[in-house]
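Residue strings, one per chain:
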Amino acid sequence: MLVRLIYASRAAGEVNAELLDALLRSSRQNNPAIGVTGVLCYSAGMFVQVLEGSRSAVSSLYNVIVRDPRHEKVELIHFEEISERHFADWTMGQVNMSKVNNGVLLKYSARSEFNPFDMSGEAILLLLDDLIATAAISK
Ligand SMILES: Cc1cc2nc3c(=O)[nH]c(=O)nc-3n(C[C@H](O)[C@H](O)[C@H](O)COP(=O)(O)O)c2cc1C
């Protein structure tokens, strides 16, 4: 049985390219072995991540991620059973927020700045769909 989990968090300190690379390296190294796919998005001090896979794999990974000192205030946005993955092709896709135009953000949120803490899980998924269509997500 598959589930999808979405959470948002705040970076604990400065987030530079090395830190993002390290997170994506861990994800791409560990997630295939446990059958987890998803997308990680970072912008303006905030992370949002979608994790898909078996309930036990997603739950244990989420428990590891929540304890990671590189971020804080982890907020669970969405958790549901799913019949199919949305991000089957993404071990852990990375959203390039510099490629995201304000119009796309405004379509799904109250303001044109990205703030996952103000968005529903459904709006986040619709936004990510748009980003996939406009190739703003890289594998
Ligand atoms: C925002 C964020 C997202 C993360 N996503 C993942 C992930 O998808 N998979 C993963 O294995 N570790 C992820 N991590 C890292 C884990 O918290 C942990 O450091 C890692 O799994 C440890 O394994 P490693 O020693 O192989 O790096 C994430 C950390 C943060 C802060």
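This is a predicted model, so every value here is computed, not measured.

1. A look at the overall build of the protein
Stage number 1. Helix and strand counts for the protein stand at four helices and six strands.
Stage number 2. Overall, the protein shows an N-to-C arrangement of helices and strands of β-α-β-β-α-β-β-α-α-β.
Stage number 3. A globule of 139 residues ought to have a C-alpha radius of gyration of about 14 Å, and the protein, at 14 Å, matches this closely.
Stage number 4. Over its C-alpha atoms, taken along the principal directions, the protein stretches across nearly 35 × 35 × 25 Å.
Stage number 5. Evaluated residue by residue, the protein yields a buried proportion of 45% over its 139 residues.
Stage number 6. Counting contacts in the protein only where the partners sit at least 6 residues apart, residues at least 24 apart contribute 79% of the total.
Stage number 7. Carbon and sulfur atoms make up 49% of the accessible area of the protein, which amounts to about 7200 Å² in all.

2. Regarding the UniProt feature "domain: BLUF" (unreviewed entry) in the protein
Stage number 1. UniProt records the feature "domain: BLUF" (unreviewed entry) for residues 2–93 in the present numbering.
Stage number 2. Counting secondary structure, residues 2–93 comes out at 33% helix and 42% strand; the distance between its end C-alpha atoms is 19 Å.

3. Notes on the site of the ligand
Stage number 1. Around the ligand, the surrounding shell holds 15 residues, and the nearest of these are Ser26, Asn30, Asn31, Asp68 and Arg70.
Stage number 2. Gln49 is positioned such that a nitrogen or oxygen atom in its side chain is 3.0 Å from an oxygen atom of the ligand.
Stage number 3. Here an oxygen atom of the ligand sits 3.0 Å away from a polar atom, N or O, in the side chain of Arg70.
Stage number 4. Contact with the protein chains removes 78% of the 610 Å² of surface that the ligand exposes when unbound.
Stage number 5. For the shell around the ligand, the secondary structure elements donating two or more residues are α1 (17–34), β3 (46–54) and α2 (55–66).

4. Re the side chain of His71
Stage number 1. Locating His71 in the fold gives a position in strand β4 (residues 71–82).
Stage number 2. A distance of 2.8 Å separates the side chain of His71 from the side chain of Ser9, its partner in a polar contact.
Stage number 3. Among the polar contacts made by the side chain of His71, one reaches the main-chain carbonyl oxygen of Ile65 at a distance of 2.7 Å.
Stage number 4. Ignoring sequence-local partners within four residues, the contact set of His71 consists of Tyr7, Ser9, Arg10, Ala11, Ala12, Phe47, Ile65 and Val66.

5. Some remarks on α1
Stage number 1. Helix length check: α1 (18 residues) gives 26 Å between terminal C-alpha atoms against 26 Å at 1.5 Å per residue, within 8%.
Stage number 2. Listed in full, the buried residues belonging to α1 are Leu19, Leu20, Leu23, Leu24, Ser27 and Asn31.
Stage number 3. Lining the buried residues of α1 we find β2 (37–43), β3, α2 and β5 (93–95).
Stage number 4. Where α1 terminates, the next one or two residues include Gly35, which has phi positive at roughly 70°.

The rules we used
- Residues numbered from 1 in each chain as written.
- Predicted model: local features only at pLDDT ≥ 70, side-chain atom pairs only at ≥ 80, totals over all residues.
- Heavy atoms only, no water.
- Helix = DSSP H or I, 4+ residues; strand = E, 2+ residues; numbered from the N terminus.
- Rg over C-alpha atoms; globule rule 2.2 N^0.38 Å.
- Buried < 20%, exposed > 50% of the residue type's maximum accessible area, 1.4 Å probe, protein only.
- Contact = heavy atoms within 4.5 Å.
- Areas by Shrake-Rupley, 256 points an atom, 1.4 Å probe, with all protein chains shown as cover.
- UniProt positions renumbered as here; feature names shortened; annotations may be inferred.
- Near = heavy atom within 4 Å.
- Polar contact = N/O pair within 3.5 Å; in protein donor to acceptor, adjacent residues only side chain to side chain.
- Expected span 1.5 Å × (residues − 1).

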